[in-house]
Structure formats: structure tokens, C-alpha cells
Amino acid sequence: METSARKANTAVRTEHLSKHYGAVIGLEDLNLEVNAGEVVGYLGPNGAGKTTTIRLLLGLIKPTFGRAEIFGMDVQRDKIAVHAEIAYVPGEATLWPSLTGAETLHLLASMHGETDVAYRDLLIKRFDFDTSRKVRTYSKGNRQKINLIAALACRARLLIFDEPTAGLDPLMEQAFRESVLEARDNGQTVFLSSHVLSEAEALCDRIAIVRAGRLAEIGTLAQMRQLSAVTVEASFPGPPPSAVDRVPGVSAVQVAGHHLTCQVRGSIDGLLTVLAAAHPETLLSREPSLEELFLSIYGEQEHRNNGAVS
Amino acid sequence: MTSIKVADAAISPQLTSYARPQLATARFTGRRIMRTGALWGLVFGIYVYDNAVAYHTIAASAAQRERLLATMASNAGLKALLGDTRRITTLGGFTDWRAIGVTTLVASIWGLLAATKALRGEESAGRWEVILAGQTTQRRATAGVLAGLGAGVLIMYVVTALLTIAVGARPSVGIGPGASMFFAVAVVAAAATFAAIGAVASELMPTRSRAAGLSAAVFGTAFMLRALGDSTSSAHWLVYASPLGWVEQLHPLTGAQPLWLLPIAGLVATCGVATVLLADRDLGASMLADSATAQARTAMLGSPALFALRMSRALIASWLAAAVVAGLLYGSLAKSTGRAFASSGSLRRFTGTLTHVAQHQLQLAGTRVFAGVVFLILMTLIMAFVASAMGQVREDEAEGYLDNLIVRTVSRQRWLAGRAGLILAVLAAVGMLGGLAFWAAAASQHAGLTFRELLFAGTNSTAPAALLLGIGVLTLGFVPRLTSVACWGLLAWGFLLDMLGSAIKVNHWVMDTSLLYHLALAPAVNPDWEIVGIYVAIGCAAALLGGWQFTRRDLQSS
């Protein structure tokens with residue numbers, strides 16, 4: 001039996017959560033736990049099921065199978081109680097064009113029920129946001145600032161962001177990162193769906209990667225790197241050794257003149273032996289970036305729409 | 001070794017050319033507008049047929065028909081409603097008067113809505129900037145939209161003309177092809193005029209709703225001028241100050257006066273040119289600049305219902321004002337019109353089957369019959385308000401506005417109850433205010449109508465709208481994408497049945513499906529409170545069922 005302590009420590013929990021749109025699978029059998037106080041990145045390409053997951057968590061759509069809980073409350077049954085604990089920023093919200101920024105913030109705060117006015121004022125300054133203008137005169141980035149400020153200022157226990165920095169300039173992206181870290185320090189939980197891998201890499205304690213409606217990977221960046229290949233680059237006085245291809249665990253070998261790049265999974269001993277025999281001038285090995293991890297999970301075949309890799 | 005093959009398509013561009021990309025907006029707009037233009041052309045054709053049949057069935061004998069129509073010709077109230085008459089005792093004169101009076105109003109509203117949607121609506125939705133990024137300029141794109149609107153008007157003309165020619169060719173009708181074609185010109189002249197006015201309004205106003213509001217104000221003024229001019233001999237000149245009056249003066253079936261096309265064409269051309277000239281502005285800007293900044297006013301932002309009231313207060317005020325003005329206008333004509341009505345015993349077929357209950361009282365209560373006809377119109381206007389408001393409710397869901405509220409602590413029940421409650425309150429207010437205004441004006445003429453009976457008539461007139469509201473909520477719950485279609489469709493269906501039911505025998509099971517059919521034509525007869533209660537009860541049940549389903553289903557975006 002699940003203890004209340006565990007429930008209290010779990011911000012988001014899904015069990016076999018699935019959503020089908022007729023024959024199309026929006027999400028399939030998602031089992032996910034997000035602990036209170038952590039920042040979880042939720043990554044995937046377009047159509048992978050990220051927004052479907054978020055709309056299920058918000059109770060905007062109903063699951064075909066499975067269920068989801070937020071802080072131990074069923075998202076379908078206890079919608080209002082759940083919504084009192086969360087703040088949501090969509091990728092692009094439809095706001096009322098005739099309201100000013102200040103009026104919209106007031107409206108969204110009153111619909112949520114509470115807000116930290118002093119913190120809201122700080123956020124308005126941090127995001128350099130002019131509240132006196134009407135929404136229809138705002139750029140996409142400025143409209144997104146309204147959502148961000150409204151969500152962050154209500155100090156909800158769980159912040160759900162769906163592509164939150166779309167349209168923000170680099171300075172504002174920095175302000176967003178600062179605010180997320182502030183929220184984490186404040187004990188808030190953050191569920192961040194993003195295409196900006198550097199953002200997820202910088203902010204997230206754990207990363208979940210969703211693919212074709214299914215959870216492909218979840219773990220800390222370090223855990224993912226351990227499971228992933230290491231990139232090795234070497235340059236030689238002459239042609240690189242052709243035997244590299246045959247070393248167990250080596251893949252993605254690319255040769256450009258006297259320069260060789262490859263990836264190796266598992267023990268690196270065999271590769272080092274072959275490379276050393278060719279007397280390399282330089283040798284560099286590095287862990288994969290999140291982008292490389294992401295691409296390795298998806299494969300370049302899927303990533304490159306217009307090309308083919310053999 | 002790894003090698004990368006790149007698909008030929010990436011390095012060998014094979015461009016497909018599109019003919020005259022600068023005409024893309026015209027093609028795109030035309031394709032959409034032509035559909036509705038053709039549909040309304042079809043409805044207008046059916047209406048012409050209805051009138052041609054009604055002429056023969058309106059009275060038992062030719063002598064009776066002549067007496068009845070002569071009575072109508074001198075009836076100020078009917079002139080205010082449908083326009084002036086000319087040779088009304090002939091089939092052409094009857095069709096001219098009745099068909100032009102109704103079709104031009106519908107065509108005008110179609111024109112202004114189509115133009116404001118195609119211009120300001122597309123711009124506000126952000127789709128305009130994608131268009132303008134292509135091989136065009138703002139002026140060219142605007143001209144393209146106007147051309148598309150023109151194509152819609154043209155197809156409306158073709159369909160209306162063909163159907164009118166077909167009806168006119170019947171031996172019992174005998175309207176020549178030339179007259180039929182000119183009749184269609186008169187119908188679409190109103191559409192073109194108000195499409196042009198809507199186009200200018202789209203350049204003047206910053207949002208589609210304001211552009212539509214400005215166009216509707218011009219339309220309302222034009223209608224009032226025409227109605228006052230036609231119903232008041234000392235102020236007949238007002239007809240010439242109204243574009244609707246110009247259309248009326250065309251008299252296509254009773255000695256056409258094509259010269260009246262000149263001011264119409266002049267107005268359309270002037271508005272068209274002005275629209276294109278004004279289009280050379282910043283994207284999103286408007287000529288009547290709305291301040292980009294404002295002091296925050298946080299009143300009515302505390303609950304979903306209050307917020308809905310705040311966002312639609314101008315529209316609601318317009319409906320209330322329209323009900324009051326119409327009530328005052330027609331109330332002031334009640335006494336004189338009632339006198340004329342009382343002299344006619346064959347009015348039932350003219351006003352439609354809905355007035356059948358009043359048949360035995362015509363000679364006793366002519367004024368009440370006229371008031372009943374006015375309240376029937378008020379009834380349909382209130383239903384139009386409900387259809388429009390339910391369309392807006394659905395749009396709030398489809399466009400994502402609703403998401404902002406229900407991801408917070410606003411429940412779906414609370415949101416929907418607030419919206420439906422607001423619509424219910426407004427429809428009740430429109431009905432009662434219309435009744436009060438009619439009473440005030442009628443009382444000033446000592447027409448003999450009591451405050452109580454007109455208040456009851458106003459209340460009675462809200463019943464079908466309350467039922468429509470319930471059906472609208474039911475549709476929103478189960479088939480949200482059809483909400484607007486269902487509401488407008490039921491309204492149009494009721495109209496169509498009334499229209500056909502007055503001319504030909506329609507099975508009573510079919511007539512029963514009309515929301516308008518069962519209501520007593522108060523104050524011509526006393527309201528049937530049992531029927532009103534049934535309407536309201538069914539409406540409530542439908543709304544509860546729809547609301548229950550709305551809380552259970554997925555939100556559905558556009």
C-alpha cells in the first residue's frame with residue numbers, strides 16, 4: 001500500500017496513461033513519476049505526444065486508458081483541487097486582444113485564486129514587460145511573457161511549461177532560466193516540455209524522452225550518458241586506420257582526410273589499441289551532449305527529413 | 001565507412017509554378033465566399049417561389065385577394081417592415097414588395113459579415129501576414145479580397161437569377177427573363193453595398209467585431225431611414241437617404257428603374273476604392289486608431305460570467321438598444337396599422353401559418369395582430385442573438401481562450417453556467433425591453449394595448465430562444481463543432497417552414513419541428529403558458545444534459 005509520505009513526495013504520477021485519437025496514437029502506456037521539487041525535462045520531436053501528455057495532466061482531455069495523479073489527486077476527478085496546485089504555460093496562448101497586459105495578469109490571477117503580487121512585480125521587471133499595452137499590440141514573445149509571469153507569480157507547487165520560451169529573445173530566455181531555478185530552490189516542481197535542448201540540459205534534474213507516443217528514455221543526464229556512446233575524434237599523419245570499423249562497439253565512423261570521428265559504446269580498449277597503432281597526432285574523447293543523445297535515440301534517419309544515412 | 005547519401009530532391013530543385021500568385025487572395029477568398037453566396041442565392045430563389053405561390057393562395061378568390069392586398073398597400077406598419085408597395089395587386093408587385101423587402105435584408109447582413117470576416121477577421125487572426133509575405137502588397141491583397149467578395153456576389157446573382165427565371169417561366173407566374181434577371185440584380189445590390197461598407201469598416205476599425213459593429217450600425221440606420229420614410233408620408237424623402245431605399249426604388253418587377261443602380265454602384269465603387277487606398281497602412285493598425293495602451297480597469301475580471309459580460313457588453317448593449325428602438329418605432333405605428341388590419345379577414349396567409357391562431361380575432365384586435373407580427377420578428381431576432389452568442393461560446397473553446405481559464409481553478413460547469421446564464425439574462429431582457437418599448441410607444445398613440453399584455457408578449461417571445469439556448473448547449477456538449485451550425489440551422493429551418501407553410505401544405509409532423517410554430521402570437525392571442533413552460537423545460541433539460549457532457553468530454557480546438 002502506498003504511503004502518504006510517498007504520495008506527498010510525488011508531484012506527477014501516471015499509470016499506463018494512453019490517449020488514442022481513433023486509429024492515431026497520441027500517447028501510449030506512459031508510466032512516469034516526477035518527484036516533488038525536481039525539474040524534469042520532457043523532450044520529443046513534433047507529434048511525439050508531449051502536448052497530449054500535458055493536456056491529459058491538465059484534465060483538458062480524457063485518457064483512453066490509464067490514469068494520472070498530481071500530488072496524489074486524480075487529474076480527472078479532482079480537477080479544481082489539482083488546478084489550484086499547478087500553473088501552466090502553453091506554447092502559444094490565445095489571449096484577449098482588447099485587454100491590457102495588466103488586466104490580463106489580473107484576470108489570470110483571479111481565475112487561479114491567488115498570486116504573489118510582489119513577486120509578480122519583480123517578474124514584470126525581470127522580463128522587462130510593459131503591462132500598459134493592449135494584448136493585440138504585443139509581439140509573440142511579449143504575449144508569452146504574460147503567461148510566464150502569471151504562472152510563476154502564483155507560486156503553484158507544480159509548474160507545467162509547454163515550449164515556454166518560444167518567441168523569447170536570449171536575454172528573456174536567461175530570465176526564464178533564472179526564474180525556473182528560483183522556483184526549484186523554492187521547492188516547486190517543474191515539468192518542462194521543450195525543443196531547446198540546451199535549456200533542458202541546463203535546467204533539468206531528469207530528462208524524459210518521448211517517441212511516437214511512447215516513453216523512450218528517462219533518467220538523469222549522467223545516467224543517459226553512461227548508456228550512450230562516447231564520441232572519439234583523432235587525427236593522423238596519414239590515412240586513418242580502416243580497421244576501426246571492425247572494432248566491437250564502434251559506430252558512426254566518419255573520415256575526412258586524415259581526421260576520424262566515431263562513437264564507441266562500452267569498453268574503449270579495443271578502439272584505443274587500433275588508434276594507437278596508427279600513431280595519432282591528436283586524440284579527443286568526450287561525452288555526448290543532450291542533442292547527441294537525443295539524436296542517437298531517434299537516429300539520424302528520423303531526424304533528417306530530406307536525407308538518408310547508410 | 002559511413003557515407004551520407006542526400007536525396008536528389010534536396011539538390012535538384014524542381015519548382016512548380018503557380019499562375020499569377022498576386023491573385024491568390026482573390027482565389028482563396030472567392031472560393032470561400034462563393035459557397036455561401038450560392039447557398040443564399042438558392043434560399044432567395046426558394047423565397048421567390050414561395051411568394052409566387054403565396055400570391056395565388058393568399059385569398060380564396062381574386063376579388064378577396066385584391067381587397068386584401070389593397071389594404072396592405074396602405075398599411076404603414078407593413079411598409080415599415082417590408083417597404084413601399086407598387087402595383088401590389090399584381091403578382092409582380094406582390095413578389096417585388098415581399099421578396100425584395102426580406103431578401104435585401106438578409107443579403108445585406110451576409111455582405112457585411114462576409115467582408116469584415118475576409119478582411120479584418122483574417123488580419124486579426126494573424127493569417128494576413130502570411131499572405132503579405134508572398135508576392136503581393138497590402139493594397140493588392142486587399143483588392144484581391146474585394147475581387148473574391150465580388151465573385152461571391154456574382155455567384156449569388158447567377159443562382160438567384162436562374163431560379164427566378166425558372167419560377168417566372170411557370171405559366172401561373174409569368175415573370176419574364178429580363179425582369180427576373182433585374183430582380184436578382186436588386187437582391188445582390190444590397191449584398192454588394194453592405195459588403196463594400198463592411199470592407200471600409202474593416203480598414204477603419206482595429207478588430208473584426210468592431211468592424212462588424214460599425215457596419216451593422218450603418219445597416220441599422222439605413223433600415224430605420226427606409227422604414228420611417230416608407231411609413232411616414234411627410235418624411236418620405238428619408239427613403240432616398242438610405243442605400244436600402246435605393247434598392248427598394250429599383251422595383252424590378254413593377255417597371256424597373258435601373259437609374260437607381262447609379263447611386264448604388266457609386267457607393268460600392270467609392271467604398272471599394274477607399275478600402276484599397278486605406279489598406280496602405282501598418283499591419284494590424286486601423287484608421288480610427290485605438291489606443292495601444294490603457295489604464296488597467298480590473299472591474300468585472302473576478303469571475304468567468306462577469307468577464308464574459310465585460311467582453312460582450314457593447315454587443316449586448318446594441319441588442320438591447322435595437323430592441324428598444326424597434327419597439328418604439330413599431331409601437332408608434334401600432335394603432336394606425338391595427339385599424340387597417342382589422343379591415344382584412346384574409347391576413348392569415350400573408351403573415352404565415354404562425355398567425356392561424358389569430359384568425360378569429362382579426363376584426364376585433366387588428367392592433368394586437370400587428371403587435372403579434374412585430375413580436376414574431378422580435379422572437380426571431382432574439383433567437384439570432386442566441387445563435388450568435390452560442391457560436392461565440394464555441395469559438396472561445398475552439399480558439400483556446402477557454403484553456404486559460406479552466407487550467408486554473410475555474411471549473412467547466414462554472415464557466416458554461418456563467419455563459420449560458422448571461423445569454424439567458426440578455427434574451428429575457430431583450431424580450432421584455434422590446435415589449436416595454438412597444439407598449440410605451442403604443443400607449444402614446446392610445447392604441448389600447450395594456451402594459452401587462454405586452455410584457456407577457458415580450459416574455460412569450462423569449463421561449464423559443466430559451467429552447468434554442470438549451471439545444472445549443474446540448475450540441476456544444478455532444479458535437480461541439482456543430483454548435484453554430486445547429487443554432488443557425490434551427491433558426492433558418494423555422495423560418496423556412498413558416499415561409500413554405502404559408503404558401504403550400506406542409507405535413508404537420510414537419511411543421512412540428514419548427515421552434516416558431518407552436519408559440520401563440522401574443523398579444524394577438526393570450527400566451528399559452530403551458531407551451532412556454534414546455535419550451536423552457538425542454539431547454540433546461542437539454543442544457544443540463546449538454547452541460548453534463550461538456551464536463552466529461554475532451555476540449556476540442558479548431
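Here the structure is a predicted model, which is why all the values come from computation and not from measurement.

Reading guide: rules and limits
Residues numbered from 1 in each chain as written. Chains lettered and ligands numbered in written order. Predicted model: local features only at pLDDT ≥ 70, side-chain atom pairs only at ≥ 80, totals over all residues. Helix = DSSP H or I, 4+ residues; strand = E, 2+ residues; numbered from the N terminus. Rg over C-alpha atoms; globule rule 2.2 N^0.38 Å. Buried ≥ 20, exposed ≤ 12 C-beta atoms within 10 Å, placed from the backbone. Contact = placed C-beta atoms within 7 Å. Pairing = 2+ DSSP bridges. Nonpolar A, V, L, I, M, F, W, Y, C, P; charged D, E, K, R; others polar. Domains from an automatic or database assignment. Core = buried A, V, L, I, M, F, W, Y, C linked by C-beta atoms within 7 Å. Axes fitted to C-alpha atoms, helices over the stretch in contact; angles between N-to-C directions. pLDDT = per-residue confidence, 0-100. Parallel < 35°, antiparallel > 145°, perpendicular 65-115°, else oblique. Left-handed = near helix turned anticlockwise from the far one by under 90°.

1. Overview of the overall build of chain B
Here is step 1 of the chain: Looking only at helices and strands, chain B has 23 helices and one strand in total.
Here is step 2 of the chain: For chain B, whose C-alpha radius of gyration is 25 Å, the value lies close to the compact-globule estimate of 24 Å for 558 residues.
Here is step 3 of the chain: Seen along its three principal axes, the alpha-carbon backbone of chain B occupies a region of about 100 × 55 × 45 Å.
Here is step 4 of the chain: When each of the 558 residues of chain B is scored for burial, the buried share is 54%.
Here is step 5 of the chain: Across chain B, every contact between residues at least 6 apart in sequence was considered, and the portion connecting residues at least 24 apart equals 76%.

2. Concerning the overall build of chain A
Here is step 1 of the chain: Within chain A, the secondary structure is distributed over 11 helices and 15 strands.
Here is step 2 of the chain: Relative to its 310 residues, chain A shows a buried fraction of 41%.
Here is step 3 of the chain: By sequence separation, contacts in chain A at least 24 residues apart represent 68% of the contacts at least 6 residues apart.

3. Some points on the pairing of strand β4 (residues 65–70) of chain A
All names here are of chain A.
Here is step 1 of the chain: The pairing of strand β1 (residues 10–21) with β4 spans five bridges and is antiparallel. Bridge pairing in β4 places serine 18 opposite phenylalanine 65.
Here is step 2 of the chain: In this structure, β4 lies alongside strand β5 (residues 73–74), joined through two bridges in antiparallel fashion. Paired with glutamate 69 across the two strands is aspartate 74, which belongs to β5.
Here is step 3 of the chain: Hairpin connection of β4 to β5: two residues between the antiparallel strands, including phenylalanine 71 at a positive phi of 50°.

4. Description of the interface of chain A and chain B
Here is step 1 of the chain: On the chain B side, the residues contacting the 40 residues of chain A number 34 residues.
Here is step 2 of the chain: Here the side of chain A that touches chain B is composed, by residue class, of 19 nonpolar, 14 polar and seven charged.

5. Brief notes about the pairing of strand β6 (residues 86–89) of chain A
All names here are of chain A.
Here is step 1 of the chain: Side chains Ile86 and Tyr88 project from β6 onto one buried face, and the interleaved Ala87 and Val89 project onto a second face that is buried too.
Here is step 2 of the chain: As paired elements, β6 and strand β7 (residues 158–162) share four bridges and run parallel to each other. Bridge pairing links tyrosine 88 to isoleucine 160 in β7.

6. Considerations on the domain arrangement of chain B
Here is step 1 of the chain: When the domains of chain B are assigned, the result is domain 1 (22–286) and domain 2 (301–558).
Here is step 2 of the chain: The distance between the C-alpha centroids of domain 1 of chain B and domain 2 of chain B comes to 25 Å.

7. As for the domain arrangement of chain A
Here is step 1 of the chain: Structurally, chain A comprises domain 1 (4–224) and domain 2 (229–287).
Here is step 2 of the chain: Between domain 1 of chain A and domain 2 of chain A, the C-alpha centre-to-centre distance is 42 Å.

8. Describing unusual backbone geometry
Note on backbone geometry: most residues besides glycine have negative phi, and most peptide bonds are trans.
Here is step 1 of the chain: Here the amide bond leading from Ala522(B) into Pro523(B) is cis, since omega sits at 5°, within 30 degrees of zero.
Here is step 2 of the chain: Its location among the elements puts Pro523(B) in the loop between α22 (508–511) and α23 (529–552).
Here is step 3 of the chain: The phi angle at Phe71(A) is positive, at roughly 50°, despite the residue not being glycine.
Here is step 4 of the chain: Mapped onto the elements, Phe71(A) comes out in the loop between β4 and β5.
Here is step 5 of the chain: The phi torsion at Ala252(A) lies on the positive side, around 50°, for a residue other than glycine.

9. Some thoughts on the nonpolar core
Side chains of nonpolar character tend, in soluble globular proteins, to be buried together.
Here is step 1 of the chain: Counting residues in each nonpolar core, the largest one holds 244 residues, and the members touching the most others are Val188(B), Ala195(B), Val386(B), Leu468(B) and Leu469(B).
Here is step 2 of the chain: Of the residues forming this core, the biggest block, 19 residues, is contributed by helix α8 (residues 177–204) of chain B.
Here is step 3 of the chain: Filtering out sequence-adjacent residues up to four positions away, Ala195(B) remains in contact with Gly111(B), Leu112(B), Ala114(B), Ala115(B), Leu149(B) and Val153(B).
Here is step 4 of the chain: Of all hydrophobic cores here, the second largest spans 11 residues; its members include Ala234(A), Cys262(A), Leu271(A) and Leu275(A).

10. A short note on the sheet that holds strand β2 (residues 24–35) of chain A
Residue and element names in this part refer to chain A.
Here is step 1 of the chain: Spatially, β2-β1-β4-β5 is the arrangement adopted by the four strands of the open sheet, whose pairing is antiparallel. Of all strands in the sheet, those bounded by a partner on one side alone are β2 and β5.
Here is step 2 of the chain: Helix α2 (residues 50–57) contacts β1, β2 and β4 of the sheet and is inclined by roughly 65° relative to β2.

11. A word on the confidence of the model for chain A
Here is step 1 of the chain: For chain A, the average pLDDT comes to 87, and 93% of its residues sit at 70 or higher.
Here is step 2 of the chain: With pLDDT under 50 throughout, residues 303–310 of chain A is counted as low confidence; its partners more than four residues away or in other chains account for 17 contacts.

12. Thoughts on the environment of Phe456(B)
All names here are of chain B.
Here is step 1 of the chain: Here phenylalanine 456 lies in helix α19 (residues 451–460).
Here is step 2 of the chain: As a C-alpha pair, phenylalanine 456 and tyrosine 330 span 126 residues in sequence and 17 Å in three-dimensional space.
Here is step 3 of the chain: Phenylalanine 456 has contacts with Ala522 and Pro527, leaving out every residue within four places of it along the chain.

13. Description of the packing of helix α2 (residues 24–57) of chain B against helix α7 (residues 138–168) of chain B
Relative orientation and spacing of two packed helices are given, respectively, by the angle between their axes and the distance between those axes.
Residue and element names in this part refer to chain B.
Here is step 1 of the chain: Relative to each other, α2 and α7 sit at 25°, their axes nearing to 7 Å. When the interaxial angle is binned, α2 and α7 end up roughly parallel. Classified by chirality, the crossing of α7 by α2 is right-handed.
Here is step 2 of the chain: Of the residues contributing to the contact of α2 with α7, the split by class is 23 nonpolar, 12 polar and no charged.

14. Description of the packing of helix α4 (residues 101–112) of chain A against helix α6 (residues 140–153) of chain A
Residue and element names in this part refer to chain A.
Here is step 1 of the chain: Interhelical geometry of α4 versus α6 gives an angle of 40° and a closest axis separation of 10 Å. Seen along the crossing, α4 lies across α6 with a hand that is right-handed. Between α4, through Gly101, Thr104, Leu105, Leu108 and Ala109, and α6, the contact on the second element is made entirely by Ile146, Ile149 and Ala150.
Here is step 2 of the chain: Taken together, the residues of the contact of α4 with α6 sort by class into six nonpolar, two polar and no charged.

15. Topic: the environment of Gly255(B)
Here is step 1 of the chain: For Gly255(B), the position within the fold is in the loop between α10 (243–249) and α11 (261–278).
Here is step 2 of the chain: For the pair Gly255(B) and Arg86(B), spaced 169 residues apart in sequence, the C-alpha to C-alpha distance is 9.2 Å.

16. Observations regarding the confidence of the model for chain B
Residues and elements named next belong to chain B.
Here is step 1 of the chain: Residues with a pLDDT of 70 or more make up 91% of chain B, whose mean pLDDT is 85.
Here is step 2 of the chain: Confidence drops under a pLDDT of 50 for residues 1–6, and excluding neighbours within four residues, the segment shows 13 contacts in the predicted structure.
Here is step 3 of the chain: Here residues 348–360 is modelled with pLDDT under 50, and outside its nearest four sequence neighbours on either side it reaches 32 contacts, counting other chains as well.
Here is step 4 of the chain: For this predicted complex, the interface score ipTM comes out at 0.75, while the overall pTM is 0.79.

17. Things to note about the sheet that holds strand β13 (residues 259–264) of chain A
All names here are of chain A.
Here is step 1 of the chain: Strands sit in the order β12-β13-β11-β14 across an open sheet of four strands; the sheet is antiparallel. Since the sheet does not close on itself, it has two edges, and those belong to β12 (250–256) and β14 (282–286), each with one partner. Between one strand and the next, the sheet's axes are offset by a mean angle of 15°, whatever the strand orientation.
Here is step 2 of the chain: Pairing geometry for strand β11 (residues 230–235) and β13, over six bridges, is antiparallel.

18. Topic: the environment of Ser172(B)
Here is step 1 of the chain: Tracing the sequence through the fold places Ser172(B) in the loop between α7 and α8.
Here is step 2 of the chain: Measuring from C-alpha to C-alpha, the distance between Ser172(B) and His56(B) comes to 8.7 Å, with 116 residues separating the pair along the chain.

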